[in-house]
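Residue-level structure breakdown
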Amino acid sequence: MSAIRYPLPESIDPQRLPQHIAVIMDGNGRWAKKNKLKVALGHRAGTENLREIIRNCSDIGVKALTLYAFSTENWNRSKTEVDALMQLILDFFHSEIDELDEKNVRILILGDKDGLPEPQRQALAQAEHRTADNTGLSLNIAVNYGGRAELVRAAQLLAQEVRDGRRTVESIDEQALADKLYTCGLPEVDLLIRTSGEMRLSNFLLYQCSYAEFVFPPELWPDFHVPQLHACIKEFQRRSRRYGARDE
Ligand code: FPP
C-alpha cells in the first residue's frame, strides 16, 4: 500500500480542525456488489484507503481518529464474512504497526478484546502496549465494540468503586462517567463521518458524540479518500456549533 500525500487545502482553516474525528466505514458490501465481487473483497478494498486517511489525519494535526472496525452486532454476519474481517484486522496490525509507531501514533482499542479470537486479541494488545507512550495521533480502533455495552461497563466500574468504598454516589458526575469509557482522556468527538449516505449512529460512541457534527458523504467506504475527508472537514467548518447556547 503506498500512500499519496495531500497538503491541507487553503479552504480549510488549520486553526479550526476537528480535534477528534470518528468514522463509520460503511458501504463495503455495496461496493463489492457493485463490482461483482465477494463481500470479503469489499472489506479488503475498505482497508486499502486506511493508510492514507490515518497518515493525513496525523500530518494535519488531528488529535484523535476513531474507526469503527467491528461492532458487537457484526458477529451476526456469516462465519465467512466474520472470518474475513478478523483476518483483515490482523493483517492491518501486522503490516502497519512499524510505520504507525515510527509516526508516533498511539493505538487504543475500544471494545472487549477478551471476546476476540486469540491471535487478534494478542496483536491488538501488543499494538496498544508498544505505542502506549507515543504522543502523536491517537488512533482508536473500535473492535467488538458497542456503545451501550461501553456505558453498561462504565456504570459497573463506578458501582464497584462505590461498593468498595473508593467513591461516593454523589461523586459520580459527567466527568467520572467519561473517565470510565474506553475513550478516557481523549477529546469528545467533534466530527462524525458515516460514508455511503446512511444516516445512523449504529451504537457507536453514544456518549462521546453528544455534540459532534454529523456528516454523511455519499461515497461507499472503499471510494473514500483524502479529498473526501477534506470535504467533510470543510463541511464541519461551515457548521455553527452552539452547544445549546445562541450565537452572539
Ligand atoms: C461496513 O460495511 C463495514 C464494516 C462492517 C467493517 C469495516 C471494516 C474494515 C474497513 C476493515 C477492517 C478495519 C480496520 C481498522 C483494520 P458493510 O459491510 O456494512 O457495507 P454495506 O452496508 O454496503 O453492506
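Structure shown above.
Below is a short write-up of the structure.

**Topic: the overall build of the protein**
Tallying secondary structure elements over the protein gives 8 helices and 6 strands in all. Traced from its N-terminal end to its C-terminal end, the protein shows the element sequence β-α-α-α-β-α-β-α-β-α-α-β-β-α. A buried classification covers 46% of the 248 residues belonging to the protein. Here the analysis covers contacts within the protein between residues at least 6 apart in sequence; of these, 76% occur between residues at least 24 apart. Accessible surface for the protein amounts to roughly 12,900 Å². Of this, 49% is attributable to carbon and sulfur atoms. Across the protein, 32 positive and 36 negative side-chain charges occur, with their mean positions spaced 4 Å apart.

**Looking at the site of the ligand**
Surveying the vicinity of the ligand reveals 17 residues, the closest of which are Met25, Asp26, Gly29, Arg30 and Arg77. Here an oxygen atom of the ligand sits 2.7 Å away from a polar atom, N or O, in the main chain of Arg30. Arg77 places a polar side-chain atom, nitrogen or oxygen, 2.9 Å from an oxygen atom of the ligand. For the ligand, whose accessible area on its own is 630 Å², the fraction buried by protein is 89%. Among the secondary structure elements, those contributing two or more residues to the shell around the ligand are helix H1 (28–34), helix H2 (39–48) and helix H4 (79–102). Within the shell around the ligand, the residues separate by chemical class into 7 nonpolar, 7 polar and 3 charged.

**Overview of the side chain of Glu81**
Secondary-structure assignment places Glu81 in helix H4. Assessed through its relative accessible area of 11%, Glu81 is described here as buried. Polar side-chain contacts of Glu81 include one of 2.7 Å to the side chain of His43. If near-sequence neighbours (up to four positions away) are discounted, Glu81 is found in contact with Val39 and His43.

**Concerning the sheet that holds strand E5 (residues 191–194)**
Paired through backbone hydrogen bonds, the strands of a sheet run either parallel or antiparallel to each other. Judged by pairing direction, the sheet is parallel, and its 6 strands sit side by side in the order E3-E4-E2-E1-E5-E6 without closing on themselves. This sheet does not close on itself; its edge strands, each paired only once, are strand E3 (106–110) and strand E6 (213–215). Across this sheet, the average inter-strand angle for adjacent strands is 20°, counted without regard to direction. Strand contacts of helix H3 (residues 50–60): strand E1 (20–24), strand E2 (64–71) and strand E4 (138–145), with the helix running at about 150° to E2, the strand carrying the most contacts. Docked against the sheet, helix H8 (residues 226–238) engages E1, E5 and E6, running at close to 135° with respect to E5.

**Concerning H4**
Taking 1.5 Å per residue as the helical rise, H4 with its 24 residues ought to reach 34 Å, and the 35 Å between its terminal C-alpha atoms agrees with that figure. Considering bend angle alone, the principal kink of H4 is centred on Glu96 and spans about 55°. Just beyond H4, the residue with positive phi is Asn104, at close to 65°.

Rules and cut-offs
Residues numbered from 1 in each chain as written. Predicted model: local features only at pLDDT ≥ 70, side-chain atom pairs only at ≥ 80, totals over all residues. Heavy atoms only, no water. Helix = DSSP H or I, 4+ residues; strand = E, 2+ residues; numbered from the N terminus. Buried < 20%, exposed > 50% of the residue type's maximum accessible area, 1.4 Å probe, protein only. Contact = heavy atoms within 4.5 Å. Areas by Shrake-Rupley, 256 points an atom, 1.4 Å probe, with all protein chains shown as cover. Lys, Arg positive; Asp, Glu negative; His and termini not counted. Charge placed at Lys NZ, Arg CZ, Asp CG, Glu CD. Near = heavy atom within 4 Å. Polar contact = N/O pair within 3.5 Å; in protein donor to acceptor, adjacent residues only side chain to side chain. Nonpolar A, V, L, I, M, F, W, Y, C, P; charged D, E, K, R; others polar. Pairing = 2+ DSSP bridges. Axes fitted to C-alpha atoms, helices over the stretch in contact; angles between N-to-C directions. Expected span 1.5 Å × (residues − 1). Bend = angle between axes of the 7 residues up to and from the residue.

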